[in-house]
Each structure stands twice: as C-alpha cells, then as structure tokens.
Amino acid sequence: MDNSSKQPSFGYKGNDFDISQKTMAPHRRITGQVLTVLTMVFAATVVIPLIWVLVSVFQKGVNSLVFPDIFTKLPPPPGLSDGGFGHAIIGTLMTLGIGTMISVPFGVMAAIYLAEFGRGTKLAYLVKFSCNVLTGVPAILCGLFAYSIVVTPLGSFSAFSGGVALAVLMLPIIIRSTEEALLLVPNELRLAATGLGATRFETVVQIVLPAALTSIITGVVLSVARASGEAAPLLFTSFNNNFWATNIWEPVSTLPVLIYFFSIIPYKASQSLAWAAALTLLSIVLLFSILARYFSRKKKF
C-alpha cells in the first residue's frame, strides 16, 4: 500500500499545513477570541478619554475664540469681557524657543557620546541612569531647580528662566530619542565610511547624523509637545505678566499659567477665556504630535 495515501487529514491540505482556526482545538479558539475582544476593549478604553477631553475642550472653548481678538488683545480686567491672550501665546513661544535652543545642543551631543564614543563606559552608564531618573522627576522640581540657579541670582522672574526649566524637562527625551535614532543607523554605513578613509568624527557628522536626522527631529518635536503644556515649572520661573512682553529677561505670560489663573477666578468671562486658551494650547500640542508622526515616517536608510 502507498504510504503517501495515509497522510493525516487533521491540519493538512495537500502538502501545506493548515493553521486556520477550524483546525484549532475549541478551547484554544475560544481563548484567542476572548483575548482579541479584551485587547479591543482596552484599546478603546485608552482612546475614549482622549476623545472625551478633545470634545469637551472644543465645545467649551470654541465659542470663546473670537478672531483676531485672541491674538491682538490683552485679557480683560476682572468682571469684564471682550479680550484675548496674544501676550500669552508670545510668551509660550519665547519660553519654548529658549528651552529648545538650550536642550537640543546638549541633548544631541550627549546622545552622540552615548551611541558613538562612550559605549560601555562608566560615564555613559551614569548619563543613562541620570536620564532615566530625570524622566520621572516631577515637573515642579524642574521649576524649583531653575528658580534656584537662575531666578535667585538674577533677582526676578523671566522668560529665560522659564526656558531653562523647560529645557530640563526636554533634555532626557531628546537624549534618549536621539541615542535610539543613532543606534538604528546600520553599522555598514560606518564601516563603509571608515573604509573610504573618513575619521570617526567625519563619519558621525557626515554619515550617521544625516541618516538619523528625521528621527532626531521627531524626538525634538515630541519634547516640545511635552514641555508646552507644563504650568508648574513656569510658576516658579517666568511667573506671569498681564501686559505685552518681548524681553527674555522680564516676566512673561504663558498659556498654561494663564489657564491656571483664569480657571480659578470667579468670573465667567475669565473662565471662558481660560477654555479658549486651553483649546489653543491643545491645538498647539496636537500640531506638534502630528509633525512628530510626519517626521517619524520619513526614513533615509
């Protein structure tokens, strides 16, 4: 008798192995379906609060957005209406710009050392450990740190001190994201550059960094989005200002701090303005998040 005619029918179709759910044991099939449903439920549980926040802020803030008053006017005195928060938008951009200019060079250089020059050294381990600790530090402690090293010596609050506090928040995100981006660059590119006579410094600057640039930009954008919504560190550094201010050595108003102060004022006009500022800040954060997703999809290798 031909042995080929005695192939087991369970799990086989001709010469191919059938892995469809029909060939699975009933209890395994049911378990898989239950776990699939659970993952969908937990995923929806994560998305629903986000949608809830977006809808709530939009409903309460869109009616108070009066263009172009929100960009050209100052907040109204307590009890009055018809104002804006253009000075807070400028202050937010100032503090974020200062924080970015401080954190990006230090973060990128530290990441280059960790990924390219300091692998396995005690200093690299210390830097990584410090980044992990700094990631979990409450934002208010970053504000106290900036207060002690900037505000106290200068003797006044300022946009610069607010930028320093935000830079401390942004730094660990930039270091870790940039390090991962550099490690993802194929080692063959480094070997090819070395084979052509390039020094290690030239390889990093001309080959590795351009190849990882989009991922580095993604990390920077995410760090800016993380810092843009923080109010606690700015209360100790840039504080607040009810007037137009463009000097980095003066106190400035920012959107998170304005939202905090206006939300506790017992006047409906101020509370409505706080909701409008919250919608504006949320739009800025969403814009940065979309930009991060856009840059993360662009790869050069």
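Please read all numbers here as calculations on a predicted model, not as lab measurements.

Calculation notes
Residues numbered from 1 in each chain as written. Predicted model: local features only at pLDDT ≥ 70, side-chain atom pairs only at ≥ 80, totals over all residues. Heavy atoms only, no water. Salt bridge = Lys/Arg side-chain N within 4 Å of Asp/Glu carboxyl O. Helix = DSSP H or I, 4+ residues; strand = E, 2+ residues; numbered from the N terminus. Buried < 20%, exposed > 50% of the residue type's maximum accessible area, 1.4 Å probe, protein only. Axes fitted to C-alpha atoms, helices over the stretch in contact; angles between N-to-C directions. Parallel < 35°, antiparallel > 145°, perpendicular 65-115°, else oblique. Left-handed = near helix turned anticlockwise from the far one by under 90°. Contact = heavy atoms within 4.5 Å. Nonpolar A, V, L, I, M, F, W, Y, C, P; charged D, E, K, R; others polar.

1. As for the pattern of salt bridges
Following the criterion strictly, the structure yields four salt bridges and no others. Measuring nitrogen to oxygen at the nearest pair gives 2.7 Å for the salt bridge that ties Glu116 to Arg190. Of this pair, Glu116 sits in helix H3 (residues 86-117) while Arg190 is found in helix H7 (residues 187-195), placing the two residues 74 residues apart along the sequence. The class for Glu116 is buried, based on a relative accessible area of 6%. With a relative accessible area of 10%, Arg190 lands in the buried category. Residue Glu179 is joined to Arg176 by a salt bridge in which the shortest nitrogen-to-oxygen separation is 3.5 Å. In this pair, Glu179 and Arg176 both sit in helix H6 (residues 159-183), three residues apart, roughly one turn of the helix. Residue Glu179 is classed as buried on the basis of its relative accessible area, which comes to 2%.

2. Here's the deal with the packing of H7 against helix H8 (residues 200-211)
Relative to each other, H7 and H8 sit at 135 degrees, their axes nearing to 10 Å. As summarised for this structure, H7 and H8 are arranged oblique, according to the angle between their axes. Our pair here, H7 against H8, has a crossing hand that is right-handed. Here Leu189, Arg190, Ala193 and Thr194 of H7 lie close against H8, whose contacting residues are Thr203, Ile207 and Val208. For the contact of H7 with H8, the residue count by class is four nonpolar, two polar and one charged.

By themselves, these figures tell us nothing about what the structure is for.
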